[in-house]
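As a plain string of letters, each chain reads:
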Amino acid sequence: MAMPIRRLKRSELPRETVALAKFLVGCMLVHDFGAARLAGRIVETEAYLVGDAASHSYRGLTRRNPSMFLARGHAYVYISYGVWPMLNVSSNEAGVGEAVLIRALEPLAGIEAMRQAAGAERPFDTARGPGRLARAMRVTLSHDGADLCGPGPLFLGAPLQQAGPIVTATRIGITKDADRPLRFFERGNPHVSGPKRLISG
DNA sequence: CGGCTGATGATCT
DNA sequence: GATCATCAGCCGG
């Protein structure tokens, strides 16, 4: 029953940020949390780049963002609106402040535990949007800087099922550089976040 | 269903 | 003091 999930090696991750953001759609995010395994298939990501006014790294290194400058495959976790943890995967080379925000998952293991942790009533809402996703996966600020390609409990896994067509769209919830096509999601997947008019494509 | 609003507190200027 | 990479709840059609 417990489906084996192979850990992704750093060498398997594309070096370029947009390529990584697309690559991660279809990959697994896994958190072995106590006796339980929480896992889901990544269905939506966003890229945050150098020279991108919407990125936390736009003004360089600050107290909260050093994890954005780690080599690709590390967690950058910060608190949004004082409440919600946001999980990103650092990208590019060490010293370059770029990252991929994980915005939505299709839960595949520990589904009910994830739904309860997220406080979601409807199953499709469990990991729909980055705030609920982090709650569902029990990701907290303590994971900031963790190596998602290492031996730890929180890691990236190889796809179990190949991703369908990837739609490119604009990012959600930002005002600066809002028109750049840096959001990626699996077409038609009901776990993708955002208003319906933004998920057809 | 879509659109709007208030809560919320860490971070940055 | 301003700014949020959000969300739940409420309202109208």
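I will try to describe carefully the structure that is included in this document. All residue numbers refer to position in the chain's written sequence, counted from 1. Chains carry letters and ligands carry numbers; both start at the beginning, A for chains and 1 for ligands, and go up in the order they are written. Totals for whole chains, interfaces and linings use all residues, but because this is a predicted model, local features are given only for residues with pLDDT of at least 70 and pairs of side-chain atoms are given and counted only at 80 or more. To obtain the side-chain values, all non-hydrogen atoms of the structure were included, while hydrogens and water were left out.

What about the pairing of strand S1 (residues 28-33)?
Strands pair, by our definition, only if DSSP identifies at least two bridges between them. Under the DSSP-based scheme used, a helix requires at least four consecutive residues in state H or I and a strand at least two consecutive residues in state E, with every element numbered from the N terminus. The sheet contact formed by S1 and strand S2 (residues 36-48) spans 6 bridges and is antiparallel. Within S2, the position partnered with Met28 by the bridge is Arg41. If you look at the hairpin formed by S1 and S2, you'll find 2 residues sitting between the two strands, and Gly34 has a positive phi there, around 60 degrees. Note: S1 against strand S6 (residues 154-157), 4 bridges, orientation antiparallel. Pairing of His31 across the sheet is with Leu154, part of S6.

Focus on the protein's contact with DNA strand C
Nearness is defined per residue: one heavy atom within 4 Å of the molecule or strand is enough. As a structural note, the neighbourhood of DNA strand C is formed by 20 residues, with Tyr78, Tyr81, Asn88, Gly131 and Arg132 the closest of them. For DNA strand C, the fraction of atoms within 4 Å of the protein that belong to sugar or phosphate moieties is 59%. A 3.5 Å cut-off defines polar contacts: any pair of N or O atoms within that distance qualifies, except that in protein one atom must be a possible hydrogen donor and the other a possible acceptor, and neighbouring residues in sequence count only when both atoms are side-chain atoms. With respect to DNA strand C, the backbone of Ala54 contributes an N or O atom lying 3.4 Å from a base nitrogen. Separating a phosphate oxygen of DNA strand C from a side-chain N or O atom of His56 is a distance of 3.0 Å. Only strand S3 (75-80), strand S4 (84-90), strand S5 (99-109) and helix H3 (130-136) provide two or more residues apiece to the surface near DNA strand C. In this classification, Asp, Glu, Lys and Arg are treated as charged, Ala, Val, Leu, Ile, Met, Phe, Trp, Tyr, Cys and Pro as nonpolar, and every other residue, Gly included, as polar. Split into classes, the residues belonging to the surface near DNA strand C amount to 11 nonpolar, 6 polar and 3 charged.

Overview of unusual backbone geometry
One non-glycine residue, Asn92, adopts positive backbone phi at about 65 degrees. Mapped onto the elements of the fold, Asn92 is located in the loop between S4 and S5.

Brief notes about the layout of surface pockets
In this model, the largest pocket occupies a volume close to 760 Å³. Buriedness of a pocket was judged along seven lines, with at least five required to meet protein on both sides within 12 Å; pockets are open sets of points on a 1 Å grid over the protein atoms alone, cavities are sets where a 1.4 Å probe fits but cannot get out, and lining residues have an atom within 4 Å of a point. Considering the residues around the largest pocket, the lining is formed by 32 residues, among which His56, Tyr78, Ser80, Gly173 and Ile174 are closest to the centre. Counting only elements with at least two residues in the lining of the largest pocket, the list comes to S2, S3, S4, S5 and H3. Tallying contributions element by element places S3 first for the lining of the largest pocket, with 4 residues. Among the residues forming the lining of the largest pocket, the class breakdown is 15 nonpolar, 10 polar and 7 charged. Grid points are joined across faces, edges and corners, and a volume is the space filled by probe spheres set on the points.

What to know about the environment of Glu98
With respect to the helices and strands, Glu98 occurs in the loop between S4 and S5. Separated by 40 residues in sequence, Glu98 and Tyr58 place their C-alpha atoms 9.5 Å apart. Between two residues, a contact is recorded if the distance between any of their heavy atoms is within 4.5 Å. In contact with Glu98, not counting residues within four places along its chain, are Thr17, Tyr48, Leu49, Val50, Met68, Ser90, Ser91 and Asn92.

Some words on a nonpolar patch on the surface
Together, Met3, Leu108 and Leu160 line one region of the surface with nonpolar side chains, adding up to about 250 Å² of accessible area. Assignment of secondary structure puts Met3 in the segment before helix H1 (17-24). Residues forming no salt bridge and having over 30% relative accessible area are the ones grouped into patches, like charges within 9 Å of each other and nonpolar side chains (Val, Leu, Ile, Met, Phe, Trp, Tyr) within 5 Å. Residue-level accessible areas treat just the shown protein chains as cover; the underlying method is Shrake-Rupley with a 1.4 Å probe. Counted as salt bridges are all cases of a side-chain nitrogen of Lys or Arg within 4 Å of a carboxyl oxygen of Asp or Glu.

Topic: the packing of aromatic side chains
Any Phe, Tyr or Trp ring, taking Trp's six-membered ring, that has another such ring centre within 6.5 Å forms a pair; planes under 30 degrees apart are called stacked, those over 60 apart edge-to-face, and the others tilted. Evaluated as defined, the whole model comprises 1 aromatic pair. Counted as over-ring charges are cases with an Arg CZ or a Lys NZ within 6 Å of the ring centre that also lie within 35 degrees of the ring normal. Lying over the aromatic face of Phe155, Arg7 brings its terminal NZ or CZ to 3.7 Å of the ring centre.

Thoughts on H1
Residues spaced three or four apart along an α-helix point in a common direction, a consequence of the helix completing one turn every 3.6 residues. Listed as buried for H1 are Thr17, Val18, Leu20, Ala21 and Leu24. Along the axis of H1, the buried positions cluster into a sector of 160 degrees, meaning they face one direction only. The inward-facing, buried residues of H1 contact S2, S4, S5, S6 and strand S8 (183-186). Sitting at the head of H1, Glu16 places a side-chain oxygen 3.1 Å from the backbone nitrogen of Val18. One or two positions beyond H1, positive phi appears at Gly26, with a value near 105 degrees. Only protein chains enter the accessibility calculation, which uses a 1.4 Å probe. A residue is then buried if its area is under 20% of the maximum for its type, exposed if over 50%, and partly exposed in between. Working definition: the arc comes from the directions between the helix axis and the C-beta atoms, pointing outward to the latter.

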